[in-house]
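Understanding the architecture of this molecule
Spelled out from the first residue to the last, the chains are:
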Amino acid sequence: MKIGIVIGSVREGRLGESIGAWVAERARAQAGAADVEWTVLDVKAFNLPIMASENWAQDENGPAEVHRWRDAVAECDGFVFVTPEYNRNIPGAFKNAFDLLSRQWRDKTLAIVAYGGLGGVRANEAWRFTVASYNMHVVGDSVNLIRRVDFPGGKLALTDHHDTSLSKVLARLVSLTRAVTTERERAAAASS
Ligand SMILES: Cc1cc2nc3c(=O)[nH]c(=O)nc-3n(C[C@H](O)[C@H](O)[C@H](O)COP(=O)(O)O)c2cc1C
């Protein structure tokens, strides 16, 4: 089972990178998840173009960056979205990365680590109805980091409370992903 930790901010000086590193470190130490391979998918590193064709992912003549992104997402059974909130919503670059693909998200799982002035709660909620397009199964609990409280001096300041709340969300994601992956593979085998 493979779970992708998607860092969704591409901004110079972003906080997202440090949050993604924390999530990856805790995920790899997560109890009861020794069989899970955690991989960091940094949207910035994929250097994705703005979506100008809904066929790019399928079209062999589509941009190589989109194909690399497609293949990395396709390999995962579930995801953790590390998402900031921009203008009360999902950041444009992250939404673009999501929109570039379709079937690669379908029937997979998601947990959300959101952050922003108010804990990224609106981006968090926006992701929940956005991913419903692909019947993604989302963990109800989430981690919400508040800029002024959790990033004194602009740096992520972790406490036991953060680790505990992340661990709870990851445990739910892992068990949900086990169930959903089994069912997705059963359904695929039955229809082939
Ligand atoms: C263009 C822009 C819009 C923002 N809008 C919001 C907002 O609506 N609500 C909020 O809580 N924080 C907002 N913020 C603050 C960000 O959530 C905060 O700066 C966060 O660190 C951004 O993530 P990043 O550093 O990984 O890019 C905004 C930041 C930017 C750059």
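Everything numeric in this text was worked out from a predicted model, so none of it was measured.

So, about the site of the ligand. The environment of the ligand is formed by 14 residues, the closest being Ser9, Gly16, Pro84, Gly116 and Gly117. For the shell around the ligand, a count of residues per class yields four nonpolar, five polar and five charged.

Once that is clear, we can look at the nonpolar core. Ranked by size, the top nonpolar core spans 48 residues in total, and within it Val6, Val23, Val80 and Val82 carry the most contacts. A per-element tally of this core places strand E4 (residues 109-116) first, with six residues. If we skip the residues at most four places from it in the chain, valine 82 touches Ile5, Val6, Ile7, Gly8, Gly16, Ile19, Gly20, Val23 and Val113.

It is worth spelling out helix H4 (residues 92-99) at this point. When H4 is considered as a whole, its buried residues turn out to be Phe94, Ala97 and Phe98. An end-on view of H4 places all buried positions within 100° of arc, on one side of the element. Each element contacted by the buried residues of H4 is listed here: helix H2 (43-46), helix H3 (64-74), strand E3 (78-84) and helix H5 (121-130).

Further remarks concern the environment of aspartate 71. Looking at the secondary structure, you find aspartate 71 in helix H3. Sequence separation of aspartate 71 and glycine 8 is 63 residues, and the distance between their C-alpha atoms is 17 Å.

On to the UniProt feature "domain: NADPH-dependent FMN reductase-like" (unreviewed entry) in the protein, then. Under the UniProt annotation, "domain: NADPH-dependent FMN reductase-like" (unreviewed entry) lies at residues 1-144. End C-alpha to end C-alpha, residues 1-144 measures 26 Å, and it is 32% helix and 22% strand.

Conventions we followed
- Residues numbered from 1 in each chain as written.
- Predicted model: local features only at pLDDT ≥ 70, side-chain atom pairs only at ≥ 80, totals over all residues.
- Near = placed C-beta within 6 Å.
- Nonpolar A, V, L, I, M, F, W, Y, C, P; charged D, E, K, R; others polar.
- Core = buried A, V, L, I, M, F, W, Y, C linked by C-beta atoms within 7 Å.
- Buried ≥ 20, exposed ≤ 12 C-beta atoms within 10 Å, placed from the backbone.
- Helix = DSSP H or I, 4+ residues; strand = E, 2+ residues; numbered from the N terminus.
- Contact = placed C-beta atoms within 7 Å.
- Arc of directions from axis to C-beta.
- UniProt positions renumbered as here; feature names shortened; annotations may be inferred.

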